[in-house]
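Residue-level structure breakdown
Here is what each chain is made of, one letter per residue.
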Amino acid sequence: MADFVQLVILGLLAGGVYVAVGVGFGLVWGVLNIVNLAHGALVIIGSYITWQLFTTLHLDPFLTLPVDAVALFVLGYALQRGVINRIIRAPLLFTFLLTFGLNLVAINVLLFIFGSDFRSVTPAYSGQGLEFGSVVIPYVPLISLGVAILLSAALAFILNRTRIGLAINAIAADRDAAQLVGIDLRHAYAVTFGLGAACAGVAGGLIAMSQAITPTAGEPYTLQAFVVVILGGLGRVSATVVGGLAFGLVEVFAQSIPGSGSVFANAIAFGLMVLVLVTRPQGLLGRLR
Amino acid sequence: MFLILGAILAAYALLAPLTSLDAAQSANVPLLADRLWFRIATIIAMFIVMATAWNIIGGITGYAAFGNVAFFGIGAYTTGMLIAKAKWPFLVALPFAPLVSAGFAALVGLPLLRLRGHYFAVASLGVGVAVGELVQNIDYGGQPLFGGASGLFLPIYAIDNRGLFFFYLMVAAATIAIAVTWWVLRSRFGYGLIAIRENEEAAAVLGVNTTVYKVAAFALSAALTGLAGGIFSQWNVFINQDNTFPIDYNVQMILMALLGGTGTVFGPAVGAVLLQLLIQFLGGSLPISFDIPFVSADARPILAQVILGLLLVGVVIFVPRGVIDFFGGRSRLSLSYLRRSLRETSL
């Protein structure tokens, strides 16, 4: 029983990172209709910023997260404004390839700068945790989960309570009508992508604390973000939160299967995704769009 | 003009080595005198097969398949297993590569091809990743079933002029792939596929059995890709997850088709030649090479990837219809062409 409780807790905590990775990806996909294959690269750029600040300035890694968010927002805004807006009306294959190209460039620039060595961010309290009898709650994933929930809440606030957020929602509902009422599409698109990238940056900061990073370490997260968004349902932040936590649970339970559950992580993730797509395409909480 | 030049070059490339490798070497024929060139020419032919095969599902049917490398790997492992474990002769084992690949494609195609757009693209990408993972990690009775992480070694195929043999075999596969595309584009089947690409509901209303057509196109694409994989396994003698399920191939074959021109007969082949030569050149494997300023030899592969990424971005933005558009006087490469391409899809 204690084992089961421990697994549930670990699963939910693991879900924190997936929530953070998923919300930005889901926003860009839902509003801009772009499946951003460079999302993982943006995530890992955030990781490297955190790592750099942690090793040179000895900042607490959680304090570097706002820096990640701002830096990635600027990068994302520029990318959308300068490059992705150019093909926004092309067939989906083109946006796919474009973002894959950006992914390739970003990863290899990182390889050029930082090399392929594994880096890790280990604050003094990493490895410690709260203990309740035989159940342990490690600090870093616990705070990460809190940050991820906070991030999602902030994103939901921006989308539902601010002027630019309402503009973004309007675009998601009907692009042409939004343009008719005077929304500057180029700017609003760029802000949307920037917000998505900022979320990716924060996710990257969290990931730097939970695993060793290398320029290619972000790639699995692109695919996992996709699964998380599918699992929850496209179009709402809250649905992605549920999707992320569910994915964390599935992953932890799959890995606990005796034998070699962990080497089949991708196969399990995609098996789950195809199952959801075929049986419940709107996701666990989503509405059909 | 380009077509005639290409035909002469192709004929030369095909016929020159017939006079045996020694003769080619003593006559100092470029291109074919060198073993390395043979290897590169075979790789190019392999990519012609894969890009042309992708074109059937991605270009003609309009389903953005991102996991076709799975079929390459399945083809390679089918032939590899039959030769290494069941001790079959190569030429008997080879036909099973396209058969098993096509069978697998039909099986996963039934659920996957119900999905559209992004969903299909990423689901197929997932299949590509997952199959590679399964092949490497499945155990049977405590032993890795498919050679596991250490890969699978095949006995060397005993034949004179092995390089030449596999080059011709790969060229034959490329010819088959192009011929099949040519046939598809002129058949009732092909018109059905194009109808699905343009408007799937309308196609269904017109009496096209969309499920059957899509699955057939997917299986056909898989069969050709699997054939290339089967030849590759015996040619390369050693197969593992890295060289038969590389995610890069997915994107390379699509970029080739796009660079050449999707939905056309020769476009993907043209793109495959251009892009593969560029990749080999940047990777430093071509005999003609030069030093790139400010970049050390170690960083060359990294630079190659960066250039590939930028090329991907550039092609998608500026030449979305592929370079085949410039052949036969349809369009001319000019500043106004680039500007028009940019404006067409821009916000």
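Residues numbered from 1 in each chain as written. Chains lettered and ligands numbered in written order. Predicted model: local features only at pLDDT ≥ 70, side-chain atom pairs only at ≥ 80, totals over all residues.

Notes on the overall build of chain B
Looking only at helices and strands, chain B features 16 helices and four strands. Taking the intrachain contacts of chain B between residues at least 6 apart in sequence as the baseline, contacts between residues at least 24 apart amount to 74%. (Helix = DSSP H or I, 4+ residues; strand = E, 2+ residues; numbered from the N terminus. Contact = placed C-beta atoms within 7 Å.)

Looking at the overall build of chain A
In terms of helices and strands, chain A carries eleven helices and two strands. What you see in chain A, going N to C, is helices and strands ordered as α-α-α-α-β-β-α-α-α-α-α-α-α. Counting only C-alpha atoms, chain A reaches 60 × 45 × 35 Å along its principal axes. Per-residue burial over chain A gives 53% buried out of 289 residues. Of the contacts made within chain A by residues no fewer than 6 positions apart, 80% connect residues no fewer than 24 positions apart. (Buried ≥ 20, exposed ≤ 12 C-beta atoms within 10 Å, placed from the backbone.)

What about the pairing of strand β1 (residues 129-132) of chain A?
Residues and elements named next belong to chain A. Summarising the sheet, β1 and strand β2 (residues 135-138) pair through four bridges and their orientation is antiparallel. The residue of β2 that forms the bridge with Gly129 is Pro138. Once β1 ends, the chain turns through two residues before running back antiparallel as β2, passing Gly133 with a positive phi of about 60 degrees. (Pairing = 2+ DSSP bridges.)

Here we look at the environment of Val278 of chain A
With respect to the helices, strands and loops of the structure, Val278 of chain A is situated in helix α11 (residues 265-279). Judged by the 14 C-beta atoms lying within 10 Å of it, Val278 of chain A falls in the partly exposed class.

Examining unusual backbone geometry
Positive phi, close to 60 degrees, is recorded for Asn33 of chain A, a residue that is not glycine. Looking at the secondary structure, you find Asn33 of chain A in the loop between α1 (2-32) and α2 (39-57). One non-glycine residue, Lys87 of chain B, lies in positive phi territory at about 60 degrees. Residue classification places Lys87 of chain B among the exposed residues on the basis of 9 C-beta atoms within 10 Å.

Describing helix α6 (residues 163-173) of chain A
An α-helix turns once every 3.6 residues. As a result, residues three or four positions apart point the same way. Listed in full, the buried residues belonging to α6 of chain A are Ala167, Ile168 and Ile171 of chain A. Within α6 of chain A, the buried residues cover an arc of 100 degrees as seen down the axis, which keeps them to one side. (Arc of directions from axis to C-beta.)

So, the interface of chain A and chain B
Residue-level contacts link 38 residues of chain A with 37 residues of chain B. Breaking the side of chain A that touches chain B down by element, the ones donating at least two residues are α4 (92-114), α8 (185-210), α9 (219-232) and α11 of chain A. Ranked by residue count, the leading element in the side of chain A that touches chain B is α4 of chain A, at 15 residues. The residue makeup of the side of chain A that touches chain B, split by class, is 30 nonpolar, five polar and three charged. (Nonpolar A, V, L, I, M, F, W, Y, C, P; charged D, E, K, R; others polar.)

With respect to the packing of helix α4 (residues 69-84) of chain B against helix α6 (residues 96-112) of chain B
Residue and element names in this part refer to chain B. Here α4 crosses α6 at 135 degrees, and the two axes come no closer than 8 Å. Classified by the interaxial angle, the pair formed by α4 and α6 is oblique. For α4 against α6, the interelement crossing comes out right-handed. Contacts between α4 and α6 involve Phe71, Ile74, Gly75, Thr78, Thr79 and Leu82 on the former and, on the latter, Phe96, Ala97, Pro98, Val100, Ser101, Phe104 and Ala105. (Axes fitted to C-alpha atoms, helices over the stretch in contact; angles between N-to-C directions. Parallel < 35°, antiparallel > 145°, perpendicular 65-115°, else oblique. Left-handed = near helix turned anticlockwise from the far one by under 90°.)

A few points about helix α3 (residues 35-60) of chain B
All names here are of chain B. If you check α3, its first and last C-alpha atoms are 36 Å apart, about what 26 residues at 1.5 Å a residue would give, namely 38 Å. The largest bend in α3 comes to about 35 degrees, at Trp54. Across the 26 residues of α3, 21 count as buried, placing the element largely inside the fold. Backbone geometry just downstream of α3 places Gly62 in the positive-phi region, at approximately 80 degrees. (Expected span 1.5 Å × (residues − 1). Bend = angle between axes of the 7 residues up to and from the residue.)

Focus on the nonpolar core
By size, the foremost hydrophobic cluster in this structure holds 217 residues, and its most contacted members are Ala20 and Leu97 of chain A together with Val49 and Met50 of chain B. With residues near it in sequence (within four places) discarded, Val49 of chain B still touches Ala173, Ala174, Ala177, Leu224, Leu227 and Ala228 of chain B. (Core = buried A, V, L, I, M, F, W, Y, C linked by C-beta atoms within 7 Å.)

Here's the deal with the environment of Gly80 of chain B
Residues and elements named next belong to chain B. Position of Gly80 among the secondary structure elements: in helix α4. A sequence separation of 157 residues divides Gly80 from Val237, and the C-alpha atoms of the two residues are 8.5 Å apart. Contacts of Gly80, omitting those with residues within four sequence positions, involve Leu152, Leu154, Ser233 and Ile239.

Considering the confidence of the model for chain B
Residue and element names in this part refer to chain B. Here chain B averages 83 in pLDDT, while 84% of its residues score no lower than 70. Per-residue pLDDT, averaged within each element of chain B, yields its smallest value for helix α2 (residues 21-26) (49) and its largest for helix α11 (residues 210-236) (94). Under a pLDDT of 50 for its full length, residues 22-31 has, in the predicted model, eleven contacts with residues more than four places off or in other chains. With a pTM of 0.83, the predicted complex shows an ipTM of 0.80. (pLDDT = per-residue confidence, 0-100.)

A short note on the environment of Phe4 of chain A
Take Phe4 of chain A: it is sitting in helix α1. Considered as a pair, Phe4 of chain A and Val135 of chain A are 131 residues apart in the sequence and their alpha carbons are 9.7 Å apart.

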